[in-house]
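Architecture and fold: a report
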Amino acid sequence: MSKLSRKLLLSIKLNHLTEAGATVIYSIQAKLVKNKKLKEKLQRFSREENLHMNELNKIIIKYGSNPLPLAKITKVFSIIFTLFSAIGRQRTILRTDIYLEKIGIATYRRQKELMLGLVDNETIEKYDMFIQMEEGHLRWLKEWKENRLDIQK
């Protein structure tokens, strides 16, 4: 197995922290929204982001490093961020989530591109799964926002 550059490993480690934050953000948002369907989707997204975080942890270790020891502080900042972003209610929550999903997709694509030829097929397949799931989140959030299904509740 090829060794990954420090820069790429650091990027993966930061992405790991981002997923730790996303897990918290979606979990708190699910508690704040009133619409049952939106609440259920946000809870599911939180579980999926947690899965991504755990898989990134395995990838980091697999390629000879350790995650950054900042998950707890990332989660605290995510709580604060979520509470501020929720001031605008569901519309602001959706806008925030759409923005964060776009960044996540771009990050996964860029990392995958940099990994090609350096990692095994299993790692690339995991990245394909991450991208597919994040694109699914983005698609659902955009449709929900555009349709304004019970958005004012």
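Here's a quick rundown of the structure. (Residues numbered from 1 in each chain as written. Predicted model: local features only at pLDDT ≥ 70, side-chain atom pairs only at ≥ 80, totals over all residues. Heavy atoms only, no water.)

1. Description of helix H3 (residues 71-85)
Its 15 residues place the ends of H3 20 Å apart at the C-alpha level, agreeing with the 21 Å of an ideal helix rising 1.5 Å per residue. Of the positions making up H3, those classed as buried are Thr74, Ser78, Thr82 and Ser85. Down the axis of H3, the sector holding all buried residues measures 75 degrees, keeping them to one side. Facing away from the buried side of H3 by more than 90 degrees, the exposed set consists of Lys72, Phe77 and Phe84. (Helix = DSSP H or I, 4+ residues; strand = E, 2+ residues; numbered from the N terminus. Expected span 1.5 Å × (residues − 1). Buried < 20%, exposed > 50% of the residue type's maximum accessible area, 1.4 Å probe, protein only. Arc of directions from axis to C-beta.)

2. What about the environment of Ile103?
Tracing the sequence through the fold places Ile103 in helix H4 (residues 89-115). With 18 residues separating them along the chain, Ile103 and Asn121 place their C-alpha atoms 24 Å apart.

3. Quick word on the pattern of salt bridges
Evaluated as defined, the whole model comprises 8 salt bridges. Residue Lys126 is joined to Glu55 by a salt bridge in which the shortest nitrogen-to-oxygen separation is 2.6 Å. Here Lys126 is found in helix H5 (residues 121-147), whereas its partner Glu55 is found in helix H2 (residues 36-62), with 71 residues between them in sequence. With its nearest N and O atoms 3.2 Å apart, the salt bridge here joins Glu122 to Lys62. Of this pair, Glu122 sits in helix H5 while Lys62 sits in helix H2; the two residues are 60 residues apart in sequence, bridging distant segments of the chain. For Lys62, a relative accessible area of 32% translates into the label partly exposed. Taken together, the shared-partner salt bridges connect Glu55, Lys58, Lys62, Asp120, Glu122 and Lys126 into one network. (Salt bridge = Lys/Arg side-chain N within 4 Å of Asp/Glu carboxyl O.)

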